[in-house]
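# Working through the structure, step by step
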Amino acid sequence: MSVFRVYVEKKPEFAVEARSVLSDIQTALRLNVSGIRIFHRYDADHLTEEAFQKAVPTVFSEPAVDKVYTQLPELLQGQRMFATEYLPGQFDQRADSCEQCIQILLQGERCRVRTADVYVVTGNLSNEAFEQLKHYLINPVERREASMELPETLDAHYAIPTTVETLTGFTKLSETELTQFIADYGLAMDLGDIAFCQQYFRDTEHRDPTITEVRMIDTYWSDHCRHTTFLTQIANVDIPTDYIKDTYDAYVEVRKELGRSDKPMTLMDLATIAARKLKADGKLKDLDESEEINACSVKIKVDVAGKEEDWVLMFKNETHNHPTEIEPFGGAATCLGGAIRDPLSGRSYVYQAMRVTGAANPLVPVEDTIAGKLPQRKITVGAANGYSSYGNQIGLATGHVAEIYHPGYMAKRMEIGAVLGAAPAANIRREAPVPGDLVILLGGKTGRDGCGGATGSSKSHTVESLGHCGAEVQKGNAPEERKLQRLFRNPVVTQMVKRCNDFGAGGVSVAIGELTDGLMIDLNAVPKKYDGLDGTEIAISESQERMAVVVAKEDAEKFIKEAGKENLEATIVAEVQAEPRLQMRWNGKTIVDLSREFLNSNGAVKHTDITITPPQAAPECPFTDSADAWLELLSSLNICSQKGLVEMFDSTIGAGTVLMPFGGAYQLSPSQAMAAKIPVLEGETNTCSLMAWGYNPNTSSRSPYLGAMDAVITSIAKVVAAGGSWHHCWLTFQEYFERTQNDPTRWGKPMAALLGAFKAQMELSCGSIGGKDSMSGTFENIDVPPTLVSFAVSTAKADQVVSTEFKAAGDKVIMLRPAVDSNGIPDFDSVRNVFDQVEHLIAAGSVRAGWVIDYGGAAEGIAKMCFGNGIGFTFQRQLTDAELFQPCCGGFLLELSGEAPDGADVIGVTTETPEIVTEKYTLSLEKLLAVWEKKLEAVFPCRIQTTTEKPAAFSYPRKTTLQPI
């Protein structure tokens with residue numbers, strides 16, 4: 001059967017992708033390229049020529065916007081061109097979608113499609129420059145240069161393995177040989193772990209392991225899956241700083257109160273103990289507890305058509321730092337996919353997402369990229385494309401997007417996705433599996449993508465890492481996950497599910513293996529994307545968009561039928577057994593047979609000493625009050641506009657969004673929190689969720705203790721400013737630190753951060769009920785900044801949510817700032833008092849707009865509050881340089897609708913004229929806005945140039961009176 005080929009190119013007026021690539025090449029590589037044309041190439045077989053021609057205008061192209069060619073135009077001959085395609089075994093969503101659409105179109109058997117992109121380059125380029133361009137556009141982790149020839153067939157012939165290797169002689173290896181074994185197999189385990197593993201097989205199992213068992217154990221015990229670093233036992237702690245030592249002593253006292261003194265002291269214990277203490281004190285009454293730990297879960301009341309219902313609110317933060325670093329698009333896409341599946345596995349409907357990322361300067365020239373790294377610009381733009389593509393396809397509103405810039409993220413990018421889900425409490429069934437229950441694998445098929453992702457994420461990287469990490473990056477399939485979302489919204493389905501786990505790190509071995517203690521898994525039953533996978537690959541592949549559910553045997557057939565209604569493949573792959581062992585069979589042989597006790601041991605017990613070095617002194621204010629200082633501040637990387645980035649994401653999907661990412665008539669005032677109505681299926685609701693984040697890498701770099709405390713306070717403050725309550729608030733943390741390298745002072749950074757977070761949680765009675773830790777932020781001699789990002793979640797009434805933009809002229813603006821001591825540590829009595837004042841003013845309807853003072857002090861806040869509606873501001877008191885330009889932990893700026901309370905610090909008044917006026921100078925908002933928007937315009941364009949005209953400079957209408965919103 002012949003292979004048919006077609007080339008599809010967007011008509012010039014719709015060639016957005018080609019123009020984007022051209023702009024990227026011209027600004028990032030600064031090559032003499034005058035034009036780029038992109039042809040999407042489709043090869044297809046297993047169908048007739050008549051069927052292929054029928055598919056060309058309906059599947060492969062859109063006649064209104066595309067040009068179609070059976071071969072490349074002759075006029076291109078002699079021009080430089082090349083084609084790129086996915087590496088073999090990588091999931092190609094475009095090809096998969098074409099195959100499905102053609103099958104629907106023809107109502108026949110599924111054909112086979114392969115895609116490639118052909119780039120035609122115009123310009124005076126040397127051979128060296130052309131190779132540089134190709135190197136920039138082809139990431140070797142996921143793609144390769146494709147042949148221009150038409151293949152004879154698209155059939156792939158795989159050698160189908162039938163056996164799995166037994167590691168003969170493993171139990172007799174010497175210590176030196178074990179060290180070499182780790183290197184030969186690229187394991188994440190250290191020598192202590194592999195020796196512990198060897199002892200188990202020698203003394204307990206009395207046999208050598210299979211390679212599948214070793215790979216699976218390596219995954220189970222990886223830092224990513226089992227929090228190895230956070231579970232290392234702390235022996236001795238040295239803290240020379242008195243106030244940090246006081247917090248450590250308070251932590252030790254809480255351990256005694258809770259009867260945990262006989263348990264090992266670990267970073268995990270410190271990270272979770274505040275929530276344990278608050279719960280013991282009766283302050284976490286809303287916590288929804290179960291044996292399932294897929295996402296943070298709390299009980300809330302939701303008004304539905306005027307009646308209150310019991311609901312469960314779930315939220316989770318997820319990182320894909322490692323895959324996004326090496327394959328930005330796929331890594332960021334599957335970061336969101338993985339985040340969604342955590343609350344989804346709790347049987348909740350995920351309705352809103354937040355994205356917080358960390359990067360080095362994306363404006364650094366590509367030629368300055370260090371060896372072994374992708375260019376920062378390519379990483380940050382590719383990651384944004386990946387995350388937004390997945391969210392927009394699956395139909396998930398991304399309510400807030402922010403990127404943090406710090407040179408330390410050159411070591412490894414930070415990619416965090418945080419999501420919110422909710423479901424009626426009556427829809428959720430939770431039961432312990434019993435022998436005879438069945439495990440159903442639901443959703444996508446298994447491929448090689450993601451083999452080793454968990455262990456890869458747990459390693460620090462070197463210049464060689466990029467070349468051999470390709471298989472570790474999963475490929476997202478958003479439409480498949482959308483089906484899972486729809487299925488799990490059906491109470492008939494969720495009420496059959498006793499327990500559920502999503503497929504992420506570790507694949508079958510972890511997703512199914514963690515459901516219960518005793519399991520027999522049939523690997524031959526696992527649906528595969530293609531032939532040729534061996535038992536090990538099936539066991540550990542992290543292919544996305546799959547779920548494992550436990551159902552009673554009598555419910556299995558009904559569940560599979562319900563899945564079929566959503567076009568989801570559902571297959572029985574395992575049975576629950578009484579004996580607490582994890583067993584896997586493949587090709588009639590048992591290739592995994594391990595005791596649950598051994599797996600749960602997490603490997604060899606590890607110990608460390610910790611030294612917390614004294615914090616660095618706070619720097620002097622870098623600015624002196626002047627007009628130029630405002631311009632410099634607003635053009636700095638962490639304060640300048642990110643609107644071009646934010647607008648890549650759809651914030652309105654589902655029609656439940658309460659706060660737009662940018663507020664005001666001109667959509668120019670950035671929101672500091674996201675808010676969305678709870679997704680009720682019938683009727684209306686006024687109940688909404690709120691989520692906000694806090695973290696400043698500069699503060700954390702000089703004092704991880706204060707940085708984490710600041711993150712907690714700031715995240716809660718942003719929720720309060722948006723109309724939530726700190727009395728009804730929950731936290732989840734993202735910890736991201738350098739590799740500890742057995743150095744007590746490097747260990748001291750995460751411990752100092754967790755102590756600062758512990759102090760803030762206890763003082764504010766807001767507990768972190770979940771989180772994610774990553775300790776692999778090292779590349780050669782570069783480390784990520786000490787990172788503890790705090791996410792705060794609350795609920796509120798949608799009609800009482802407060803946005804950030806000034807609403808009317810003539811309003812007084814007050815500033816509230818908590819007191820701090822000589823060490824810069826906030827006074828928590830003062831913090832609580834400020835929070836209560838803000839809540840009281842909002843409840844009274846007195847606050848039109850609220851801003852939490854963050855990176856750039858009051859100057860940043862005032863400017864951004866002005867931008868949205870073009871409302872100006874006149875200062876009525878002279879602020880100090882520090883008040884104007886430096887962050888203030890827990891500080892607020894509030895626009896009031898009436899008179900200010902007695903004793904309030906009124907700093908100025910809003911005005912009709914679009915200017916910021918001080919005693920010394922006047923700044924036009926248009927000038928400030930132009931500077932604010934310019935910095936990242938080359939990376940994330942906001943004002944797009946069309947084919948015929950350049951974007952006009954923005955200007956506010958003069959003397960326009962805006963009505964309060």
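Residues numbered from 1 in each chain as written. Predicted model: local features only at pLDDT ≥ 70, side-chain atom pairs only at ≥ 80, totals over all residues. Heavy atoms only, no water.

Pairing is mixed across the open sheet formed by seven strands, whose spatial order is β31-β33-β30-β34-β32-β35-β36. Where the open sheet ends on each side, the last strands, each with one partner, are β31 (847-852) and β36 (922-924). In this sheet, adjacent strand axes meet at a mean angle of 20° when their direction is disregarded. Packed on one face of the sheet, helix α24 (residues 704-721) meets β31 and β33 (892-896) and runs near 170° to β31. (Pairing = 2+ DSSP bridges. Helix = DSSP H or I, 4+ residues; strand = E, 2+ residues; numbered from the N terminus. Axes fitted to C-alpha atoms, helices over the stretch in contact; angles between N-to-C directions. Contact = heavy atoms within 4.5 Å.)

Attention shifts here to the pairing of β33. In terms of burial, β33 is largely enclosed, as five of its five residues are buried. Going residue by residue along β33, you find Phe892, Leu894 and Leu896 tucked away on one face and Leu893 and Glu895 tucked away on the opposite face as well. Here strand β30 (residues 812-816) runs beside β33; their pairing, made up of four bridges, is antiparallel. Residue Met815 lies in a different strand from β33, and its bridge partner there is Leu893. Examined bridge by bridge, β31 and β33 share five bridges and lie antiparallel to one another. Paired with Gly850 across the strands is Leu894, a residue of β33. (Buried < 20%, exposed > 50% of the residue type's maximum accessible area, 1.4 Å probe, protein only.)

Attention shifts here to the confidence of the model for the chain. Averaged over all residues, the pLDDT of the chain equals 92, while 95% of them reach at least 70. Every residue in residues 452-472 is under pLDDT 50, and counting partners more than four places away or in other chains gives 66 contacts. Below pLDDT 50 for its whole length, residues 960-965 participates in twelve contacts with residues either more than four positions away or in separate chains. (pLDDT = per-residue confidence, 0-100.)

Take helix α12 (residues 328-345) next. Along an α-helix, residues three or four apart share an orientation, since each turn contains 3.6 residues. Helix length check: α12, at 18 residues, gives a terminal C-alpha distance of 26 Å against a target of 26 Å (1.5 Å per residue), a fit within 8%. Along α12, 17 of the 18 residues are buried, which leaves the element largely enclosed by surrounding structure. The distance from a side-chain oxygen at the start of α12 to the backbone nitrogen of Phe329 is 3.2 Å, and the residue carrying that oxygen is Glu327. Note on α12: the residue one or two positions beyond its end, Arg347, has a positive phi of about 70°. (Expected span 1.5 Å × (residues − 1). Polar contact = N/O pair within 3.5 Å; in protein donor to acceptor, adjacent residues only side chain to side chain.)

Another point: helix α9 (residues 242-257). Its 16 residues give α9 an end-to-end C-alpha distance of 23 Å, which sits within 8% of 22 Å, the value for a rise of 1.5 Å per residue. Those residues of α9 lying buried are Ile244, Thr247, Tyr248, Tyr251, Val254 and Arg255. Buried residues of α9, viewed axially, fall in a sector of 115°; they line one side. Exposed side chains of α9 directed beyond 90 degrees from the buried face belong to Asp242, Asp246 and Lys256. Taken together, the buried residues of α9 touch β7 (233-238), α10 (267-280), α24 and α25 (744-764). Once α9 finishes, Gly259 follows within two positions and takes phi at roughly 70°, a positive value. (Arc of directions from axis to C-beta.)

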